[in-house]
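Coordinate analysis (summary)
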Amino acid sequence: AKRLEAGAMVLADRGVCCVDEFDKMVDADRVAIHEVMEQQTVTIAKAGMHASLNARCSVVAAANPVWGSYDKNQSAMANIGMPDSLLSRFDLLFIILDKKEEASDRRIAAHVLSQHAAPPPPASLSSANSGNAGARGGSHAGASEEGV
């Protein structure tokens with residue numbers, strides 16, 4: 001049985017398609033995305049089937065600089081390393097720079113770590129007589145033998 005499977009942009013019809021690592025896209029996909037962003041359709045001719053699928057979506061894409069870090073002496077197009085014909089399809093282009101400042105980096109890292117650190121247990125649960133046998137591998141309240 002022949003069947004077509006919709007890609008991300010067809011599934012995002014009338015919505016938003018978010019693409020990460022846009023700079024890593026292979027040339028064949030770059031050609032295909034030109035049609036989608038210009039015509040808002042995906043044309044498929046495969047195994048005797050011909051279809052035109054709607055892909056009326058907004059595209060939000062993220063890409064990394066070609067040289068690993070942004071070179072302020074080069075143009076945005078040179079830093080991104082994508083053809084102008086593809087970049088011109090985007091209405092907005094934002095350049096987000098990482099300012100290398102040790103004090104700021106340490107402050108941000110400390111904040112991120114504090115958001116992911118486990119909070120200390122309340123005093124009533126930290127004593128040995130708290131009855132928290134589940135944490136020591138004892139009983140598993142509410143779990144069946146199969147689920148353990």
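Anything mentioned here points back to the structure above.
Values in this document were obtained by computation on a predicted structure and should not be read as measured data.

The next point concerns the environment of Val66. Secondary-structure assignment places Val66 in the loop between strand E4 (58-61) and helix H3 (76-80). Val66 sits 15 residues away from Gly81 along the chain, and the two C-alpha atoms are 5.9 Å apart. In this view, Val66 contacts Ala78, Asn79, Ile80 and Gly81; residues no more than four positions away in its chain are not counted.

A few words on the pattern of salt bridges. Within the structure shown, the criterion is met by 6 salt bridges. Between Asp13 and Arg56 there is a salt bridge; the shortest N-O distance is 2.6 Å. Here the residue Asp13 occupies a position in the loop between helix H1 (8-11) and strand E1 (16-19), and Arg56 occupies one in the loop between strand E3 (49-54) and E4, the gap between them amounting to 43 residues. Classification of Arg56 as partly exposed rests on a relative accessible area of 29%. Among the ionic pairs, Asp27 bridges to Arg30, the shortest N-O distance being 3.8 Å.

What follows deals with the state of the cysteines. Put plainly, two cysteines are in a disulfide when a covalent bond ties their sulfur atoms together. Per the counting criterion, the structure on display carries 0 disulfides. Here Cys18 stays free of any disulfide, with the sulfur of Cys17 as its closest cysteine sulfur at 6.8 Å. With no disulfide of its own, Cys57 lies closest to Cys17 among cysteine sulfurs, the gap being 5.3 Å.

Structurally, the position occupied by Asp91 is in the loop between helix H4 (84-87) and helix H5 (102-116). Note on Asp91: relative accessible area 80%, which makes it exposed. For the pair formed by Asp91 and Val59, sequence separation is 32 residues and the distance between their alpha carbons is 9.8 Å.

The subject of this paragraph is the side chain of Asn79. Topologically, Asn79 is positioned in helix H3. The class for Asn79 is buried, based on a relative accessible area of 1%. A polar atom in the side chain of Asn79 sits 2.8 Å from the backbone nitrogen of Asp71.

Bridge count between strand E2 (residues 41-46) and E3: 6 bridges; the pairing is antiparallel. Pairing of Thr43 across the sheet is with Ser52, part of E3. Hairpin connection of E2 to E3: 2 residues between the antiparallel strands, including Ala47 at a positive phi of 50 degrees.

Each value, and the rule that gives it
- Residues numbered from 1 in each chain as written.
- Predicted model: local features only at pLDDT ≥ 70, side-chain atom pairs only at ≥ 80, totals over all residues.
- Heavy atoms only, no water.
- Helix = DSSP H or I, 4+ residues; strand = E, 2+ residues; numbered from the N terminus.
- Contact = heavy atoms within 4.5 Å.
- Salt bridge = Lys/Arg side-chain N within 4 Å of Asp/Glu carboxyl O.
- Buried < 20%, exposed > 50% of the residue type's maximum accessible area, 1.4 Å probe, protein only.
- Disulfide = S-S within 2.5 Å.
- Polar contact = N/O pair within 3.5 Å; in protein donor to acceptor, adjacent residues only side chain to side chain.
- Pairing = 2+ DSSP bridges.

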